[in-house]
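Here's the letter readout for the chains.
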Amino acid sequence: MIRDFFKKTPIQQRKNESGKEPEIPTGLWRKCNKCGAAIYTEDVIEGHYICPKCNGYFRMHAYRRIEQIIDEGTFNEWDKDLAFYNPLHFSGYEKKVRELQEKTNLDEAIITGKGLICGSETVIGVMDARFLMASMGHNVGEKIARAVERATKEKLPVILFTCSGGARMQEGIVSLMQMAKTSAALKKHSEAGLLYITVLTDPTTGGVTASFAMLGDIILAEPNALIGFAGPRVIEQTMKQKLPAGFQRSEFLLDHGFVDSIVKREEMKDTLSKILKLHKKECVKECVCNKIEIVNLENIKQIEQLNVEQSKLEGQSVEHENDGESNDCNDEQNKEQLKVEKQEESFVDAWSRVLVSRMDKRPTGLDYINVLFDDFIELHGDRCYGDDGAIVGGIGWFHNIPVTVIAQQKGKNVKDNIKRNFGMPSPEGYRKALRLMKEAEKFHRPIICLVDTPGAFCGMEAEERGQGEAIAKNLYEMSNITVPILSIVIGEGGSGGALAMAVADEVWMLENAIYSILSPEGFASILWKDAKRASEAAEIMKITSYDLQKLGMIEQIIPEKEPATMENIENIKKELEERLLQFLEVYTKISKEALIEHRYNRFRNM
Amino acid sequence: MFHKVLIANRGEIAVRIIRACREMGIATVAVYSEADKDALHAMLADEAICIGPAKSSQSYLNMESILSATVAMKADAIHPGFGFLSENSKFVTLCEKCNITFIGPSADVINKMGNKAEARNTMIQAGVPVVPGSEEPIYTFEEGEKIADAIGYPVIVKAASGGGGKGMRIVHKKEEFHSNFLTAQRESVLAFGDDTMYVEKYIEHPRHIEFQILADNYGNVIHLGERDCSIQRRHQKLIEEAPSVALSDELRQKMGEAAIKAAKAAGYTNAGTIEFLLDKYNNFYFIEMNTRVQVEHGVTEIVTGIDIIKEQIRIAAGLPLSVTQEDVCIKGHAIECRINAENPEKNFAPCPGKINNIHFPGGNGIRIDSAIYNGYHIPPHYDSMILKLIVFDKNRELAIQKMNSALGELVIEGIETNLEFQYEVLNHEKFKKGETNTHFIQTYFSK
């Protein structure tokens, strides 16, 4: 090898002129406990305590977390000096706690207090794993309960960053009772209509998971955090089961419907701030609460009048609109109407509309969400079983009004469609929708539903989890939700799967949308045993927007000058925006009782 | 002077630096990845230390490994070469914290020149001409059009986050501005999620002219003349020469002074390069500063007789420049061809592998900077440039003839190279006449 032939540089006596030896200062590097790589400490500190090499999250000290989340200089710490408590007189416990207090500069495994997040006031609690694995002793429970009670009194939201190994062994049964204590305090807070957000960080397990961690109106999690009730070691040992990779990690919980959203550390403050702003009392008050004037059925009449006028403006037949007296149209009237209809729409037959409503290019729920709402935050999961990709829900702004938006979502390509299950919701989808509607009710947010489904998913799994029950529950519960609900059929309104998101104060349809008892194919095959006669079925089923308006099933038709696509979505947005504003303007003024009464009558008369 | 220098690089540049150190009597430490244990630089250095797996992110870019190696081998300085960590300001800061001299400029200067907007503003303030264009980011086509009107067409619309031609449009007429701007912006939003745009004067068929700068710690800044690097394929330089046929003595002096002004404005120390675009009317515009030694530094060394690597080491060791501007005298003509392990038949795809047989040309006026040898395996993990063939003669015509002869004698067997392609470019009529610009390859050699 040539290497053996190269002559080396003659070694000179080393003269150190500067007197400084090359050396690596202590603390310049630290080791990542996830990937084992040496990383530059300053990178870790500047990078939100995330390993720049493997993206692993380091556990954060509670005060660092406060610095990261709370506006500088606004944090006001509460209850820092609770007396040490040793209910079981556990030997050595006090010494251990004192040592930890000394070492960590914490008084307990949680710090609580009040501060601002981008200007929004909130109560916050942050747990710190360095303190006996942030186990929940009496003082942890006490600090949380006091903070929550004070938040209830001061009408403030609560944010808890959780992290815990579970119960504190040294305090025995007293530790267990903290679960009930904290949960009860949170229930009172919730009853007062106040917002509670939890942020699950690594690791959140045991009694903390089984109490305040899982009770958030909104549950966020840091990526890849271990979250569970029984720890993985316990499960493996007692059940003799090998657990799969990713088990009990944040992403696993998201898939199983228990986490609303996984938020990266660097985006946490911004996300929390957006959520707080969407729930700010002033906003809601401005937009909704103040407008709850004493309203009675007079207003409903006004609304109906408005709709009539709207329709007139669009030059459509409104003869069938009831004049406030009767709903019964006799056959002759019907025939009259049909004639009118035929004249108006001879240029587009029903089957064509069916095809247009199913077009690949047609904008989907999320497309409308993106153009209509600002700062939309998607919230996932039914908190029972899973997160259904066929239904997208969340909160966002519509012209300075916080709203809840729930959309049935079709995919744009095969891969996307597999995730979205071709827009066919599963029971967990309907349960997620209902959960978000209930939340909207709690926070006085109007609800806007975008309907676009061939039908509810009819697979075996859906039956196992109670598809029928899920749909029924939505119809039942939606009938008396005390905030305005508007449903817009943007594509296909397939049967019960669509109705489960359309028990609304008003139902609108895009001009080329359809809404039906079942697909024309299904209709033809049941009635004539021939699915090929679907186009014929489409004509007689009365499923187009014009048909349904005449039947009194829907209030408004959103015109599509050309069939909706991503290219002309701005036009549809303009059409929708104006009407949505008007809808909210009218309906947010109506009292809860009148609103429910109106919704009841809307369906009672059908 | 340093006792021992660690070379944080590989390939021919590492070998080049080791040679300079050997001549200066400085001991050398090579670092190598697991894929490079038989690389020439690792064999030639006095000592060598493995710093990690083949992937450069885990070896040649691994700051912690390299700093630990430096401390363990008791080297007092690091020469970064080019590429890898050579323009990484954080690495420079870390060297300082570990009492290790970084042979190159300060972290501040690297940051300042690495940030396009800041570099541009520094040059504007120093009175160095820059390509006219928007000084602030642009978000709407109305703003963009106003600027385009002011600087005159053609203009180029560029996405701030752009790269690889995405989010970039050349607009020749006002009527085309609106649609081109929106398309470029939409592309940028789709590709990078960023709608920040810039509008600049589009310089048609420019030459790429760069000036070599040396600056010591005592305020002495000199330039070593220019290199013409117009022969590029997809922004990769292929042939470089010094001096440029496009520069008169007068223009050379003017541009050289601008380059010195630029380096002074940046507060520069060590070796660096100021890159300009030169249009057909002899207007020149600063485009960027490279804060490291360049691949093509050899052509300047040959026509000036100044060893740039040695000067770099001297400057870093706190010595003043060994030459003044008056001493710099450009003599003759040098041309460099980069030989890459790539297959021109397969769209220049990299072509690593074993070198079965090799023969280097030699004789008067031939210089070869390379790290390959008989039986060497070119690993697939790194840059495909394996050899720089530099020739020197009295004038350009003779230099081209010499390069022709040398290319004809160079034999590399076992892998595909771009040798034949270089031969064709060199013998192109337009090249011989010196009628080159940065679109040369695209114009005459795109299939």
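1. Remarks on the overall build of chain B
And step 1. Helix and strand content of chain B: 15 helices and 22 strands.
And step 2. Its C-alpha radius of gyration of 22 Å places chain B within 12% of the 22 Å reference for a compact globule of 447 residues.
And step 3. Seen through its principal axes, chain B has C-alpha atoms that stretch 65 × 50 × 50 Å.
And step 4. Per-residue burial for chain B yields a buried fraction of 50% across its 447 residues.
And step 5. Summarising the internal contacts of chain B: among those between residues at least 6 apart in sequence, 64% fall at separations of at least 24.

2. Observations regarding the overall build of chain A
And step 1. Secondary structure summary: chain A contains 24 helices and 17 strands in total.
And step 2. Within chain A, buried positions represent 43% of all 606 residues.

3. Things to note about the nonpolar core
Residues and elements named next belong to chain A.
And step 1. Within the largest apolar cluster, 133 residues are counted, with the highest numbers of intra-cluster contacts made by Ile197, Ile406, Cys449, Val451, Val489, Ala502 and Met509.
And step 2. The element that contributes the greatest number of residues to this core is helix H23 (residues 569-587), accounting for seven residues.
And step 3. Apart from the residues lying within four places of it in its own chain, the contact partners of Met509 are Val489, Tyr515, Ser545, Leu548, Ile554, Ile557 and Ile558.

4. Quick notes on the sheet that holds strand E5 (residues 101-102) of chain B
Residue and element names in this part refer to chain B.
And step 1. The sheet built from five strands is open, its strands ordered E3-E2-E1-E4-E5 with parallel pairing. Strand pairing shows two members of the sheet lacking a second neighbour, strand E3 (47-52) and E5, which therefore form its edges.
And step 2. Relative to strand E2 (residues 27-33), strand E1 (residues 4-7) runs parallel, the two being bridged by four bridges. Its bridge partner lying in E2, Val5 is registered against Thr28.

5. Some details on helix H8 (residues 177-192) of chain B
All names here are of chain B.
And step 1. Across its 16 residues, H8 extends 22 Å between first and last C-alpha, which sits within 8% of the 22 Å expected from 1.5 Å per residue.
And step 2. Looking at H8, one finds that the buried residues are Phe177, Asn180, Phe181, Ala184, Gln185 and Ser188. Angular distribution of buried residues about the axis of H8 spans 125°; they occupy a single face of the element. Set apart from the buried face of H8 by more than 90 degrees, the exposed residues are Ser179, Arg186 and Leu190.
And step 3. Of the residues one or two after H8, Gly193 is the one with positive phi, at around 65°.

6. Comments concerning the sheet that holds strand E6 (residues 158-164) of chain A
All names here are of chain A.
And step 1. Within the open sheet, the seven strands sit side by side as E3-E4-E5-E6-E7-E8-E9. Their pairing is mixed. Lying at the two open borders of the sheet, with one neighbouring strand each, are strand E3 (76-78) and strand E9 (261-262).
And step 2. Pairing of strand E4 (residues 110-117) with strand E5 (residues 120-127) involves eight bridges; the strand directions are antiparallel. Residue Ile110 lies in a different strand from E5, and its bridge partner there is Met127.
And step 3. Helix H4 (residues 138-154) contacts E3, E4, E5 and E6 of the sheet and is inclined by roughly 30° relative to E4.

7. A look at the pairing of E2(B)
Residue and element names in this part refer to chain B.
And step 1. By the criterion of burial, E2 is predominantly enclosed, with seven of the seven residues buried.
And step 2. Going residue by residue along E2, you find Ala27, Val29, Val31 and Ser33 tucked away on one face and Thr28, Ala30 and Tyr32 tucked away on the opposite face as well.
And step 3. Chirality of the crossover, the property in question, places the unit of E1, helix H1 (residues 11-24) and E2 among those that are right-handed.
And step 4. The pairing of E2 with E3 spans five bridges and is parallel. Note on E3: the bridge partner recorded for Val29 is Glu47.

8. Side note on the domain arrangement of chain A
All names here are of chain A.
And step 1. As far as domains go, chain A holds domain 1 (26-58), domain 2 (59-279) and domain 3 (290-321 + 348-604).
And step 2. With centres defined by C-alpha atoms, the gap from domain 1 to domain 2 works out at 24 Å.
And step 3. Tallying the contact residues gives five residues for domain 1 and nine residues for domain 2.
And step 4. Residue classes in the side of domain 1 that touches domain 2 are distributed as four nonpolar, one polar and no charged.

9. A few points about the packing of H1(B) against helix H11 (residues 308-316) of chain B
Residue and element names in this part refer to chain B.
And step 1. Contact pair H1 / H11: the axes reach a minimum separation of 9 Å and the direction vectors enclose 65°. Our classification of the angle between H1 and H11 gives roughly perpendicular. Between H1 and H11 lies a crossing whose hand is right-handed. Note on element contacts: H11 touches H1 through Ile309, Lys310 and Ile313, opposite Arg16, Ile17, Ala20 and Met24.
And step 2. Its residues assigned to classes, the contact of H1 with H11 shows five nonpolar, no polar and two charged.

10. Here we look at the packing of helix H20 (residues 520-528) of chain A against helix H21 (residues 534-541) of chain A
Residue and element names in this part refer to chain A.
And step 1. Viewed as axis vectors pointing N to C, H20 and H21 meet at an angle of 100°, and their least axial separation amounts to 8 Å. Classified by the interaxial angle, the pair formed by H20 and H21 is roughly perpendicular. Across the interface between the two elements, Pro520, Glu521, Phe523 and Ala524 of H20 pack against Ala534, Glu536, Ala537, Ala538 and Met541 of H21.
And step 2. Across the contact of H20 with H21, the residue classes break down as seven nonpolar, no polar and two charged.

11. Re the confidence of the model for chain A
Residues and elements named next belong to chain A.
And step 1. In this model, chain A carries a mean pLDDT of 88, and residues with pLDDT of at least 70 account for 87%.
And step 2. Low pLDDT (under 50) marks residues 285-296, which in the prediction has 17 contacts with non-local residues, meaning those over four places away or in another chain.
And step 3. The low-confidence segment residues 334-343, where pLDDT is below 50, has eight contacts with residues more than four positions distant or belonging to other chains.

12. Section: the domain arrangement of chain B
Interfaces are often sized by the amount of accessible area the parts lose when they come together.
And step 1. Annotation of chain B at the domain level lists domain 1 (4-98), domain 2 (141-201) and domain 3 (207-445).
And step 2. Each of domain 2 of chain B and domain 3 of chain B has a C-alpha centre, and these two points are 32 Å apart.

13. Structural notes on H1(B)
Owing to its 3.6 residues per turn, the α-helix brings residues three or four apart onto one side.
All names here are of chain B.
And step 1. An ideal rise of 1.5 Å per residue puts 20 Å on 14 residues; H1 measures up with 20 Å between its terminal C-alpha atoms.
And step 2. The buried fraction of H1 is high, at ten of 14 residues.
And step 3. Of the residues one or two after H1, Gly25 is the one with positive phi, at around 75°.

14. Some words on unusual backbone geometry
Residue and element names in this part refer to chain A.
And step 1. A cis amide bond links Asp202 to the next residue, Pro203, at an omega of -15°.
And step 2. Although it is not a glycine, Asn224 adopts a positive phi angle of roughly 55°.
And step 3. Unlike most non-glycine residues, Arg383 shows phi in positive territory, near 60°.
And step 4. Relative to the elements of secondary structure, Arg383 occurs in the loop between strand E10 (374-378) and strand E11 (391-398).
And step 5. Owing to 17 C-beta atoms within 10 Å, Arg383 belongs among the partly exposed residues under this scheme.

15. Points about the confidence of the model for chain B
And step 1. On average, chain B scores 93 in pLDDT, and the residues at 70 or more come to 99%.
And step 2. Both confidence scores are given for the complex: pTM 0.77, ipTM 0.79.

16. As for the environment of A:Met501
Residue and element names in this part refer to chain A.
And step 1. Looking at where Met501 falls in the secondary structure, it is placed in the loop between helix H19 (495-499) and strand E15 (506-510).
And step 2. Since 32 C-beta atoms lie within 10 Å of it, Met501 is described here as buried.
And step 3. Residues Met501 and Ile488 lie 13 residues apart in sequence; the distance between their C-alpha atoms is 9.4 Å.
And step 4. Non-local contacts of Met501, meaning those with residues more than four positions away in its chain, are made with Ile406, Gln408, Ala433, Cys449, Val451 and Ser487.

17. With respect to the environment of B:Lys55
And step 1. Here B:Lys55 shows up in the loop between E3 and helix H3 (63-72).
And step 2. A sequence separation of 15 residues divides B:Lys55 from B:Leu40, and the C-alpha atoms of the two residues are 18 Å apart.

18. Observations regarding the pairing of strand E13 (residues 284-290) of chain B
All names here are of chain B.
And step 1. Judged from the six bridges that link them, strand E12 (residues 270-278) and E13 form a sheet pairing that is antiparallel. Directly across from Leu277, in E13, lies its bridge partner Tyr285.
And step 2. The loop that links E12 with its antiparallel partner E13 comprises five residues; one of these, Asn282, has a positive phi angle of about 65°.

19. A few points about the environment of B:Leu419
Residues and elements named next belong to chain B.
And step 1. Its location among the elements puts Leu419 in helix H13 (residues 419-426).
And step 2. With 18 C-beta atoms counted inside 10 Å, the residue Leu419 sits in the partly exposed group.
And step 3. Along the sequence, Leu419 and Gly353 sit 66 residues apart, while their C-alpha atoms lie 16 Å from each other.
And step 4. If sequence neighbours within four positions are ignored, Leu419 has contacts with Ile339, Leu407, Leu410 and Ile412.

What counts and how
Residues numbered from 1 in each chain as written. Chains lettered and ligands numbered in written order. Predicted model: local features only at pLDDT ≥ 70, side-chain atom pairs only at ≥ 80, totals over all residues. Helix = DSSP H or I, 4+ residues; strand = E, 2+ residues; numbered from the N terminus. Rg over C-alpha atoms; globule rule 2.2 N^0.38 Å. Buried ≥ 20, exposed ≤ 12 C-beta atoms within 10 Å, placed from the backbone. Contact = placed C-beta atoms within 7 Å. Core = buried A, V, L, I, M, F, W, Y, C linked by C-beta atoms within 7 Å. Pairing = 2+ DSSP bridges. Expected span 1.5 Å × (residues − 1). Arc of directions from axis to C-beta. Axes fitted to C-alpha atoms, helices over the stretch in contact; angles between N-to-C directions. Right-handed = clockwise from strand over helix to strand, strands pointing away. Domains from an automatic or database assignment. Nonpolar A, V, L, I, M, F, W, Y, C, P; charged D, E, K, R; others polar. Parallel < 35°, antiparallel > 145°, perpendicular 65-115°, else oblique. Left-handed = near helix turned anticlockwise from the far one by under 90°. pLDDT = per-residue confidence, 0-100.

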